[in-house]
Amino acid sequence: MAVLVACDSNGKTHRFEDIQEAHSLLTQKDSTFWLDLVKPSPEELAFLSETFQFHPLAIEDATRPHERPKVDSYPNYYFILFYSAHYDHLQERVFTLPISIFIGPNYLVSIHSQASTQVEDTLRRWQVAHSPISNRIGALLYALLDAIVDDYFPVIDAIADRIDELEDHIFTHFDERAIEQIFALKKDLLGLRRVASPQRDVLNVLLRREQPIFQVEDLIYLQDVYDHIVRVADSIDTYRDLLSSALDSFLSLQSNRLNQIVKVLTIASIVLMSDALIAGIYGMNFSHMPELHWSFGYPYSLLLMVVVSVGLVLLFRKMRWL
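What you are looking at is a predicted structure, and each value in this text was computed from that prediction instead of being measured.

### A few points about the overall build of the protein
Thinking step 1. Looking only at helices and strands, the protein features nine helices and seven strands.
Thinking step 2. In terms of C-alpha radius of gyration, the protein reaches 35 Å, well past the compact-globule figure of 20 Å for 322 residues.
Thinking step 3. If one aligns the C-alpha atoms of the protein with their principal axes, the spans along those axes are about 120 × 40 × 30 Å.
Thinking step 4. Sorting the 322 residues of the protein into buried and exposed places 43% on the buried side.
Thinking step 5. Expressed as a percentage of contacts within the protein between residues at least 6 apart in sequence, the contacts between residues at least 24 apart total 63%.
Thinking step 6. Working note: accessible area of the protein is about 18100 Å², and carbon and sulfur atoms make up 57% of it.
Thinking step 7. A distance of 7 Å separates the average location of the 27 positive side-chain charges in the protein from that of its 42 negative side-chain charges.

### Let's talk about the sheet that holds strand E2 (residues 13-16)
Thinking step 1. Strands sit in the order E2-E1-E3-E7-E6-E5-E4 across an open sheet of seven strands; the sheet is mixed. What marks the edges here is a single partner per strand, and that holds for E2 and strand E4 (70-73). Neighbour-to-neighbour, the strand axes of this sheet turn through a mean angle of 20°, independent of strand direction.
Thinking step 2. With four bridges connecting them, strand E1 (residues 2-7) and E2 associate as antiparallel partners. Across the sheet, Val5 pairs through a bridge with Arg15, a residue of E2.
Thinking step 3. Helix H2 (residues 42-51) contacts E1, strand E3 (32-38) and strand E7 (107-112) of the sheet and is inclined by roughly 150° relative to E3.
Thinking step 4. Together, E4, strand E5 (78-88), strand E6 (93-103) and E7 form the strand contacts of helix H3 (residues 56-63), whose direction differs from that of E6 by roughly 160°.

### A short note on the packing of helix H6 (residues 152-173) against helix H8 (residues 216-282)
Thinking step 1. Across the interface, H6 lies against H8 with an axial gap of 11 Å and an inter-helix angle of 10°. In terms of their interaxial angle, H6 and H8 are classed as roughly parallel. Touching Tyr152, Phe153, Ile156, Ala160, Ile163, Leu166, Glu167, Ile170 and Phe171 of H6 are His228, Arg231, Val232, Ser235, Ile236, Tyr239, Leu243, Ala246, Ser249, Phe250 and Leu253, all from H8.
Thinking step 2. For the contact of H6 with H8, the class distribution of residues is 15 nonpolar, three polar and two charged.

### Quick word on the pattern of salt bridges
Thinking step 1. Evaluated as defined, the whole model comprises 10 salt bridges.
Thinking step 2. The shortest N-O distance in the salt bridge between Glu165 and Arg162 comes to 2.7 Å. Of this pair, Glu165 and Arg162 both sit in helix H6, three residues apart, which is roughly one turn of the helix.
Thinking step 3. A relative accessible area of 39% places Glu165 in the partly exposed class.
Thinking step 4. For Asp237, the salt bridge identified is with Arg193, shortest N-O distance 2.5 Å. Residue Asp237 is found in helix H8, and its partner Arg193 is found in helix H7 (residues 178-208); the two are separated by 44 residues along the sequence.
Thinking step 5. Connected via shared salt-bridge partners are Glu60, Asp61, Arg64, Glu67, Lys70 and Asp72.

### Some details on the pairing of E4
Thinking step 1. Relative to E5, E4 runs antiparallel, the two sharing four bridges. The residue bridging Lys70 from the neighbouring strand is Leu81, located in E5.
Thinking step 2. The antiparallel hairpin formed by E4 and E5 contains four residues in its connecting segment.

### Focus: the pairing of E1
Thinking step 1. Counted residue by residue, E1 has five buried out of six residues, so it is predominantly covered.
Thinking step 2. Here six bridges tie E1 to E3, and the two strands are oriented antiparallel to one another. Opposite Val3, over in E3, you have Asp36 as the bridge partner.
Thinking step 3. Between E1 and E2, which follow one another and run antiparallel, lie five residues, and Gly11 among them has a positive phi close to 85°.

### Describing the environment of Asp36
Thinking step 1. Looking at where Asp36 falls in the secondary structure, it is placed in strand E3.
Thinking step 2. Sequence separation between Asp36 and Ala178 is 142 residues; the distance between their C-alpha atoms is 42 Å.
Thinking step 3. Beyond its immediate stretch of four places on either side in the chain, Asp36 contacts Met1, Ala2, Val3, Ser110, His112, Val119 and Leu123.
Thinking step 4. A distance of 2.5 Å separates a polar atom in the side chain of Asp36 from a polar atom in the side chain of Ser110.

Analysis parameters
Residues numbered from 1 in each chain as written. Predicted model: local features only at pLDDT ≥ 70, side-chain atom pairs only at ≥ 80, totals over all residues. Heavy atoms only, no water. Helix = DSSP H or I, 4+ residues; strand = E, 2+ residues; numbered from the N terminus. Rg over C-alpha atoms; globule rule 2.2 N^0.38 Å. Buried < 20%, exposed > 50% of the residue type's maximum accessible area, 1.4 Å probe, protein only. Contact = heavy atoms within 4.5 Å. Areas by Shrake-Rupley, 256 points an atom, 1.4 Å probe, with all protein chains shown as cover. Lys, Arg positive; Asp, Glu negative; His and termini not counted. Charge placed at Lys NZ, Arg CZ, Asp CG, Glu CD. Pairing = 2+ DSSP bridges. Axes fitted to C-alpha atoms, helices over the stretch in contact; angles between N-to-C directions. Parallel < 35°, antiparallel > 145°, perpendicular 65-115°, else oblique. Nonpolar A, V, L, I, M, F, W, Y, C, P; charged D, E, K, R; others polar. Salt bridge = Lys/Arg side-chain N within 4 Å of Asp/Glu carboxyl O. Polar contact = N/O pair within 3.5 Å; in protein donor to acceptor, adjacent residues only side chain to side chain.

Encoded structure:
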């Protein structure tokens with residue numbers, strides 16, 4: 001799937017069905033266009049290489065998964081690798097999607113392996129009449145990065161709600177399955193941390209360097225995106241600490257429950273050992289034991305076992321061991 005949208009100097013957008021039109025749009029310096037490719041074919045990648053003269057290493061990074069977020073500078077364009085994120089409420093997992101962005105004097109080319117709501121929403125906003133997104137590449141890039149970063153906050157909120165549920169399972173119900181969910185959520189937060197922190201560095205590079213494609217007003221907006229990604233990174237660190245505390249609490253409660261079980265078993269064994277002592281004494285078949293010929297010897301021994309058992313239980317309760 002490919003989408004090609006151009007915006008002229010008057011702010012009017014046009015959508016083209018054939019991506020080959022990008023070749024002629026490159027020469028129109030008064031217009032700005034956006035070429036979006038979803039899971040591009042080898043022919044489309046070859047078109048990018050021939051038309052835009054993208055470096056083979058940049059195209060390789062744009063199509064290879066699990067690359068680190070970064071910004072690379074080339075003679076006539078910049079390459080940015082950014083990650084979007086969304087929370088799947090059915091699977092209760094966080095998923096990230098790499099979005100590769102090529103930025104030139106009058107164009108933006110985005111590549112991603114599956115549909116991106118952030119790209120679709122930004123394209124839709126750009127095509128609306130009298131859109132606040134002008135025909136400046138800097139403003140268009142800001143709109144896309146801002147949409148990507150802002151969608152991290154619903155993910156963070158969903159994680160916060162999930163942590164509250166896990167804490168309730170631990171302290172109220174003590175659900176044994178909570179530990180699996182804690183580790184799964186910690187893994188998701190670690191994955192988010194691996195992309196959020198480098199993306200903060202990417203925005204920092206864009207702000208600190210004097211990029212010719214950005215104007216002064218564009219840098220102000222990029223600063224806002226940078227502040228948002230810093231908040232996201234801080235929130236991730238905070239919730240990772242909360243999960244670690246929840247895991248420690250779970251292990252402490254589990255250890256305490258184990259201690260209670262061992263204590264109860266120990267007390268029960270002491271009571272049974274006392275009863276076994278009495279039974280052992282009266283089980284010795286010596287001829288000179290007077291108790292052997294008592295008419296009430298058997299009920300007396302049972303009563304003695306009951307008295308000793310009850311006495312031990314009362315003693316343990318007084319000592320607050322039960």
